[in-house]
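Geometric and topological summary
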Amino acid sequence: MSVLNTRRALRWVGVLMILSLLLSACAPAAAPASAPAAGEEAAAAPSDELTRANTLVFAADMTDLITLDPAVVYEFGGTQTAGNIYETLVSFNPGEPELVPLLAESWEIVEDGDMWKMTFQLNPNATFASGNPVTAEDFVFSWERVIDINKSPAFLVTEVCGISKGNVTAVDATTLEVKIPIALSPQVCLSVLTFVTTAVVEKAAVEPNLGADFGESWLNDNSAGSGPYTLSSWNRSVDVVLDANPNYWGGAAPAMKRVIMQNMPEVANRQAAVETGDADIVQELGPEQAAALEGNPDVSLVKALNTILAYVSVNATMPPFDNPDARQALRYAINYDNIITLLGGNGELVQEIIPMGFAGHTGTNPFTQDLEQAKALFANAGVTEGAVIPFTVATATAPGGVDWATIAASIQADLAQIGINLEIQLLQQSELLTKYRAQELPMLLMNWSPDFPDPDGNGTPFANYEAQSLAWRNSWNDATAIDLSRRAAAELDPATRTALYGELVEYVQNNGPYAMLYQPTRVYAVRNDIQGFIYDPTDSPTISFWLISRQ
Amino acid sequence: MQATASAAPIPTRRVLSPNALMLRRFTKEKTAVFGLLVILLFALLAVFAPLLAPFDPLAQDIPNGLAPPSAEHWMGTDKLGRDIFSRMLYGARISLGAGLGVVIMAGLVGTLVGIVAGYVGGWLDEALMRVTDIFFAFPSLILAMAIAGALGPSLQNALIAVAVVTWPVYARLIRGQVLVLRDREFVLAARSVGASHGLILRRHLFPNTLSPLLVQASFEMGTVILAVAGLSFIGFGAQPPTPEWGVMISEGRNYITTHWWLTFFPAMAMLFAVAGFNLVGDGLRDVLDPRLRR
Amino acid sequence: MTTFIIRRLGGLVFVIFGVSLLTFFLAQLVPADPVAAALGSNARNEQVEAYRQQLGLDQPVVTQYAIYMGRMLQGDLGASIRTRRAVADDLRDYLPATIELTLAALFVTILIGIPLGILAALNRNTWIDGGARILALIGGAMPIFYVGLVLLGVFYRQLQWLPGPGRLDSTVQPPTNITGLYTVDALLTGNWLVFGNAVSHLILPAITLGLFSTAVLLRMTRSSMLEMLGQDYVRTAKAKGLAQRLVVGRHVFKNALPPILTIIGILFGSLLSGAVLTETIFNWPGIGRYATTSVTTLDYPAVMGVALVAAVIYPLVNTLVDIGYSVIDPRVRTH
């Protein structure tokens with residue numbers, strides 16, 4: 001080859017290099033090396049070497065993850081993460097309904113004038129990951145932070161528990177005193193105190209980093225908890241990496257030195273990840289993926305009932321569903337078997353507003369498809385063949401792993417059989433919620449997940465119009481329902497309380513603006529060398545990573 | 001880009017030939033004829049879908065969901081037990097209709113803007129071309145997605161979005177064409193004998209932009225079909241239960257390894273339809289505009 | 001040359017202004033309340049209202065735009081409604097992933113498109129040519145989201161030859177952040193393990209994303225080569241007895257190059273578009289997926305951020321191509 005040729009070749013290479021260099025030059029400008037907080041953490045990390053064997057890879061759809069601050073988290077991904085880092089006063093043992101001590105050794109509730117006085121004795125051995133003791137002062141700081149920051153879950157503290165600044169005091173280092181209004185139920189409040197919103201953060205660590213957002217952005221990349229794990233890094237929309245807390249006060253350090261919570265929105269990818277062993281545990285599989293994994297020698301399926309309820313609701317002031325007969329007709333028109341078939345084992349028929357697993361759940365499912373009955377009731381309500389009703393549905397996957405649109409199509413076909421034409425309108429969930437909140441939707445398909453593990457977490461929203469939740473959104477202002485839900489929530493005697501909820505369930509079942517459909521099962525696929533995996537929907541966190549080990 | 005355009009030699013002979021001659025040349029291109037046949041087949045399927053489809057595309061049979069291809073259901077059934085063959089036929093209606101709709105919308109607007117910009121020239125031309133610059137600066141799918149998302153996800157809004165994204169293509173093409181034609185003898189002659197602007201535009205400029213327009217339109221058909229399906233796939237286009245091909249692939253994405261027929265057939269339908277339009281586009285270009293032969 | 005660049009930059013400023021105006025206008029069309037979306041289904045009315053005020057969404061539209069533009073000039077793209085972070089921070093996290101994927105796809109495109117195009121042209125009307133043309137036809141007509149799903153199904157799930165979604169195996173820690181491109185950073189830090197892992201994760205998405213542009217480049221190279229091969233000087237050179245290879249190397253390819261380079265610049269834009277779909281399927285944490293989620297949640301400050309970045313990148317790349325062009329062919333500069 002001649003010199004000339006080489007020169008030409010070089011020039012050609014040069015052009016490509018200029019191109020690629022300039023292209024990659026865009027990147028550093030946009031991505032200055034940010035010093036990850038992981039650096040400090042790494043210094044304090046356990047000396048045990050990290051291996052694949054002591055690393056747990058957990059894959060789930062965590063698209064909703066927007067914060068890791070325990071005072072702000074309210075979505076699955078966030079509560080799951082924060083729940084393994086931060087601890088609350090009391091807790092549930094997986095699968096058991098009784099409250100157990102966590103950071104509080106003991107507690108006492110007494111009437112004090114027009115308030116309930118709740119006194120908690122903190123466990124003197126409890127320490128933060130930093131090694132400092134957990135004090136009552138830290139709790140006061142943490143709860144006042146929740147009230148100041150006032151994000152989505154703050155109402156649990158301020159309204160459900162009725163806690164305000166000044167009502168929480170540190171009597172001494174290990175004694176915390178809380179006063180709540182006598183009208184509220186201390187039992188309900190205690191169940192709120194199991195939720196991660198009320199978890200303690202270390203005052204000494206957070207206070208210097210408060211900034212304008214009360215420390216939220218700092219807590220997104222750092223942790224200051226007393227739990228078995230600490231936050232190593234959060235790579236937005238990719239994964240959250242947790243490291244075992246070597247100083248964990250509550251027992252031996254976790255077997256899994258590192259937990260990688262991977263964001264994997266596509267269900268087919270999650271199936272593949274557990275099949276190949278890329279992930280040890282994957283969350284939420286559809287019926288077909290579960291069926292495909294059935295019989296896989298390396299993987300076990302764990303199915304657990306959620307506390308979510310899926311329902312159709314109608315607006316009780318808009319025709320035709322302002323007429324109770326039309327509402328009852330709707331409940332008789334739906335083919336519930338088809339919906340359960342679609343779910344392929346990922347959901348159980350539940351036709352009441354209290355889910356299985358909660359006190360007050362009655363287990364009665366009075367409705368099966370009866371088109372004659374439905375037709376007659378619709379006729380009573382003046383609804384004739386050819387009626388058109390808009391039916392609003394979210395563009396997302398319903399709990400249980402089937403698209404909302406698929407379930408809606410099935411209901412649409414049911415009503416078509418008696419000449420009623422449901423016009424499906426698909427909206428993004430956000431848009432749907434906006435219109436739902438504005439009381440604008442005649443009929444829609446949705447689900448509800450209780451904010452705290454108590455029947456009141458469903459009773460008030462579904463029945464009490466004045467709580468501005470579901471009953472309000474459906475314009476259902478019913479004095480009987482409101483009264484029942486109030487009395488049930490405030491009742492202290494467990495048996496009477498359960499009976500009151502039973503009464504409420506039956507009343508709403510036949511008069512309310514809802515056709516309750518199903519309670520979904522959450523399907524996990526777990527590699528067979530993983531032990532100690534428990535999913536408990538009423539616990540916070542729902543999965544305790546520190547109980548997990550590998551054979 | 002502009003550099004190449006101006007560096008390319010300017011054609012000096014008329015590109016339009018008598019129809020018969022064109023047809024003969026077109027039929028010589030075997031691949032183009034094949035493409036045309038494919039398109040015609042899809043067009044027939046689309047038009048006669050109600051007669052050809054063995055099932056109602058929306059009729060459910062939930063217990064018979066996810067059934068593999070059989071004598072009864074040639075392409076199997078989906079989750080709700082709907083017949084995929086019937087849905088694919090109706091999908092042809094939607095995809096071809098969508099393609100046609102968008103190409104006409106965008107083509108009309110783009111041509112109008114292009115003719116005005118090229119003929120009037122000056123600051124108006126400059127302004128209009130800067131506007132097209134803005135549209136070209138966006139990666140088309142991101143802009144289409146933003147528009148469709150803002151308008152609310154529906155097939156109709158997806159079509160509007162794709163039309164908004166694609167009109168500048170025609171505007172630039174036609175403007176270039178008009179710029180070349182504007183100073184040609186027959187236009188100057190017409191102007192010298194006092195022909196009005198309207199007449200010049202109608203008689204002399206517009207007809208001469210038709211052949212590049214036709215070539216562009218047939219390529220755009222394929223692009224638009226893919227774009228609309230892409231929007232539907234990520235949820236910003238046609239909505240379930242509409243039997244649109246992109247929606248069908250999206251609904252079947254979770255079954256890709258367990259129930260392949262849910263996605264395979266709509267994907268193949270799309271491949272053939274789009275390839276058909278591309279082949280015809282190639283053929284048309286070779287016949288109408290040999291200068292651009294590639 | 002300098003005036004040429006200045007003019008292009010001036011155009012760029014105008015385009016950015018237009019893009020911001022257009023996206024801002026789009027944001028006003030949104031029928032639903034993005035704030036309600038961000039706060040989730042259990043949030044109550046007062047919370048929604050408070051967040052609206054915090055974001056300044058209760059101000060008149062013109063004021064909002066003025067505030068937005070004022071901040072943008074200081075490099076502040078506002079806060080994302082959904083992630084509650086600065087949009088600029090989000091983009092800094094996600095942009096490198098998209099650039100890496102796009103460059104990898106461009107690499108695939110060039111690696112396959114140009115040689116195959118040349119080969120097809122040199123062996124016109126043989127089976128090689130036929131095969132190349134069929135590949136181009138399929139690549140140009142196949143919906144890439146289906147291609148991605150199939151590739152993942154076959155090579156990851158069934159055969160397990162290549163890794164699945166994501167930029168790295170979950171247990172592999174990303175390299176020290178220098179450019180944000182994992183392959184480049186791994187090379188710079190000499191971390192071969194991470195480099196290999198990052199490359200293996202790039203293969204499937206790069207092929208998926210690059211398929212369409214490969215088809216276009218292949219056709220372009222083939223036709224450009226054919227045109228040159230038909231020119232008189234090539235025939236003369238051949239008649240003089242130069243080996244065919246040398247003819248190709250010396251004359252034809254050089255002359256066929258300008259249109260090929262132009263098309264590469266244009267293809268970059270289509271790659272950015274395709275990244276939206278590819279990133280969704282491959283769980284790729286880039287701006288395409290960020291844009292999709294943002295549009296879904298009506299997070300228009302984030303959408304505007306993505307649009308602005310894309311609107312800067314694309315003309316910038318084309319300007320670079322033009323400059324690269326003038327290196328090859330100095331005549332261009334005079335235009």
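Only a predicted model underlies this, so the values are computations on that prediction, with no experimental measurement involved.

Re the overall build of chain C
- Counting its regular elements, chain C contains 13 helices and 0 strands.
- Counting over 335 residues, chain C shows a buried share of 59%.
- Contacts in chain C between residues at least 24 apart in sequence constitute 72% of all its contacts with a sequence separation of at least 6.
- When the accessible area of chain C is evaluated, it comes to approximately 13,500 Å², of which 65% is carbon and sulfur surface.

Here's the deal with the sheet that holds strand S6 (residues 168-172) of chain A
Residue and element names in this part refer to chain A.
- With antiparallel pairing, 4 strands are arranged side by side in an open sheet as S4-S5-S7-S6. Strand pairing shows two members of the sheet lacking a second neighbour, strand S4 (104-112) and S6, which therefore form its edges. Going from strand to strand, the sheet's axes swing by 20° on average, the running direction of each strand aside.
- Contacting strand S5 (115-122), S6 and strand S7 (175-181), helix H4 (residues 136-149) crosses the sheet at an angle of about 170° to S6.

Points about a nonpolar patch on the surface
Residues and elements named next belong to chain B.
- A surface patch of nonpolar side chains, about 500 Å² in accessible area, is lined by Leu44, Val47, Phe48, Leu51 and Leu52.
- Among the elements of the structure, helix H3 (30-47) and helix H4 (49-52) are those that each provide at least two residues to the nonpolar patch.
- Looking at the element boundaries, Leu51 is found in helix H4.

Things to note about the state of the cysteines
Residue and element names in this part refer to chain A.
- Considering all chains together, one arrives at 1 disulfide over all chains under this definition.
- Between the sulfur atoms of Cys161 and its disulfide mate Cys189 the distance is 1.9 Å. Looking along the S-S bond of the Cys161-Cys189 disulfide, the torsion reads about 95°, which is the right-handed sense. A residue pair is termed long-range when its members are at least 10 positions apart, and Cys161 in the loop between helix H5 (154-160) and S6 and Cys189 in helix H6 (residues 186-192) qualify at 28 residues. The pair Cys161 / Cys189 is uniform in exposure class, with both members buried.

Here's the deal with the environment of Asp298 of chain A
Residues and elements named next belong to chain A.
- Inspection of the secondary structure puts Asp298 in the loop between helix H10 (287-293) and strand S12 (299-305).
- Overall, Asp298 belongs to the partly exposed group, its relative accessible area being 37%.
- For the pair Asp298 and Leu504, spaced 206 residues apart in sequence, the C-alpha separation works out to 46 Å.
- Beyond its immediate chain neighbours, meaning those up to four positions away, Asp298 contacts Val526, Arg527 and Asn528.

Points about the nonpolar core
- By size, the foremost hydrophobic cluster in this structure holds 191 residues, and its most contacted members are Phe42 and Trp245 of chain B together with Val19 and Tyr300 of chain C.
- Not counting the four nearest positions on each side in its chain, Phe42 of chain B is found in contact with Ala92, Leu96, Trp245, Ala269, Phe272 and Ala273 of chain B.
- Core analysis: the next-biggest nonpolar cluster, separate from the first, contains 71 residues, Phe321, Ala381, Ala489 and Leu517 of chain A among them.

With respect to the interface of chain B and chain C
- Taken together, the contact pairs 47 residues of chain B with 53 residues of chain C.
- Together chain B and chain C conceal approximately 4,200 Å² of surface at their shared face, both sides included; 78% is due to carbon and sulfur atoms.
- Viewed at the interface, chain C and chain B are joined by 1 salt bridge.
- Here Asp282 of chain B ties to Arg219 of chain C by a salt bridge, and the two come within 2.8 Å at their closest N and O atoms.

Details of unusual backbone geometry
Residues and elements named next belong to chain A.
- Here the residue pair Pro319 and Pro320 is connected by a cis peptide bond, since its omega of 0° sits within 30 degrees of zero.
- Here Pro320 is to be found in the loop between strand S13 (309-314) and helix H11 (324-333).
- Of note in the backbone geometry, Asn150 takes a positive phi value of approximately 45° without being a glycine.
- Take Asn150: it is sitting in the loop between H4 and H5.
- Using a relative accessible area of 46% as the deciding quantity, one classes Asn150 as partly exposed.
- Despite not being glycine, Gln439 has its phi angle at roughly 60°, a positive value.
- In this structure, Gln439 sits in the loop between helix H15 (429-437) and strand S19 (443-448).
- Among the residues examined, Gln439 registers a relative accessible area of 22% and is labelled partly exposed.

Quick look at the packing of aromatic side chains
Residues and elements named next belong to chain C.
- Overall, the coordinates contain 24 aromatic pairs over all chains when judged by the stated rule.
- Judged by centre distance (5.0 Å) and plane angle (40°), the rings of Tyr94 and Tyr290 are tilted. Here the residue Tyr94 occupies a position in helix H5 (residues 87-122), and Tyr290 occupies one in helix H12 (residues 287-296), the gap between them amounting to 196 residues.
- A relative accessible area of 5% places Tyr94 in the buried class.
- Classification of Tyr290 by relative accessible area gives buried; the value is 3%.
- The interplanar angle of 85° and the centroid separation of 5.9 Å between the aromatic rings of Trp192 and Phe195 together place this pair among those described as edge-to-face. On the criterion of helical spacing, the pair formed by Trp192 and Phe195 is a turn pair, its members being 3 residues apart in helix H9 (residues 192-229).
- By relative accessible area, Trp192 is classed as exposed at 60%.

Remarks on the domain arrangement of chain A
All names here are of chain A.
- As far as domains go, chain A holds domain 1 (3-69 + 215-304 + 524-550), domain 2 (90-206) and domain 3 (309-521).
- In this complex, domain 1 contributes 17 residues to the contact, which on the side of domain 2 involves 26 residues.
- Of the roughly 1,600 Å² buried between domain 1 and domain 2 on both sides combined, carbon and sulfur atoms contribute 54%.
- When the buried surface of domain 1 facing domain 2 is broken down by residue, Ala224, Trp249 and Ser540 rank first, second and third, together holding 35% of it.
- Linking domain 1 with domain 2 are 2 salt bridges.
- Taken together, the connections running from domain 1 to domain 2 amount to 5 residue pairs in polar contact (both at pLDDT 80 or more).
- Ranked by the residues each element gives to the side of domain 1 that touches domain 2, the list is headed by helix H8 (residues 216-221), at 3 residues.
- For the side of domain 1 that touches domain 2, the residue count by class is 5 nonpolar, 8 polar and 4 charged.

Quick look at the confidence of the model for chain C
- Taken residue by residue, chain C gives an average pLDDT of 84. The fraction at 70 or more is 89%.
- For this predicted complex, the interface confidence reaches an ipTM of 0.87, while the overall pTM sits at 0.85.

Overview of the pairing of strand S20 (residues 514-527) of chain A
All names here are of chain A.
- Of all the 14 residues making up S20, 14 are buried; the element is thus mostly covered by neighbouring parts of the structure.
- Pairing of strand S11 (residues 281-283) with S20 involves 3 bridges; the strand directions are antiparallel. Bridging from a neighbouring strand, Ile281 pairs with Val526 of S20.
- Two strands pair when backbone bridges link them, and S13 and S20 are joined in this way by 4 bridges, in the antiparallel orientation. When the bridges of S20 are listed, Ala310 appears paired with Tyr518.
- Pairing analysis gives 3 bridges linking strand S14 (residues 347-349) to S20, with the strands arranged antiparallel. Among the inter-strand pairings, Glu348 is bridged to a residue of S20, identified as Gln519.

The rules behind the values
- Residues numbered from 1 in each chain as written.
- Chains lettered and ligands numbered in written order.
- Predicted model: local features only at pLDDT ≥ 70, side-chain atom pairs only at ≥ 80, totals over all residues.
- Heavy atoms only, no water.
- Helix = DSSP H or I, 4+ residues; strand = E, 2+ residues; numbered from the N terminus.
- Buried < 20%, exposed > 50% of the residue type's maximum accessible area, 1.4 Å probe, protein only.
- Contact = heavy atoms within 4.5 Å.
- Areas by Shrake-Rupley, 256 points an atom, 1.4 Å probe, with all protein chains shown as cover.
- Pairing = 2+ DSSP bridges.
- Axes fitted to C-alpha atoms, helices over the stretch in contact; angles between N-to-C directions.
- Patch = residues over 30% accessible without salt bridge, like charges linked within 9 Å, V, L, I, M, F, W, Y side chains within 5 Å.
- Salt bridge = Lys/Arg side-chain N within 4 Å of Asp/Glu carboxyl O.
- Disulfide = S-S within 2.5 Å.
- Core = buried A, V, L, I, M, F, W, Y, C linked by side-chain atoms within 4.5 Å.
- Buried area = accessible area lost by both parts, 1.4 Å probe.
- Phe/Tyr/Trp six-rings, centres within 6.5 Å; stacked < 30°, edge-to-face > 60°.
- Domains from an automatic or database assignment.
- Polar contact = N/O pair within 3.5 Å; in protein donor to acceptor, adjacent residues only side chain to side chain.
- Nonpolar A, V, L, I, M, F, W, Y, C, P; charged D, E, K, R; others polar.
- pLDDT = per-residue confidence, 0-100.

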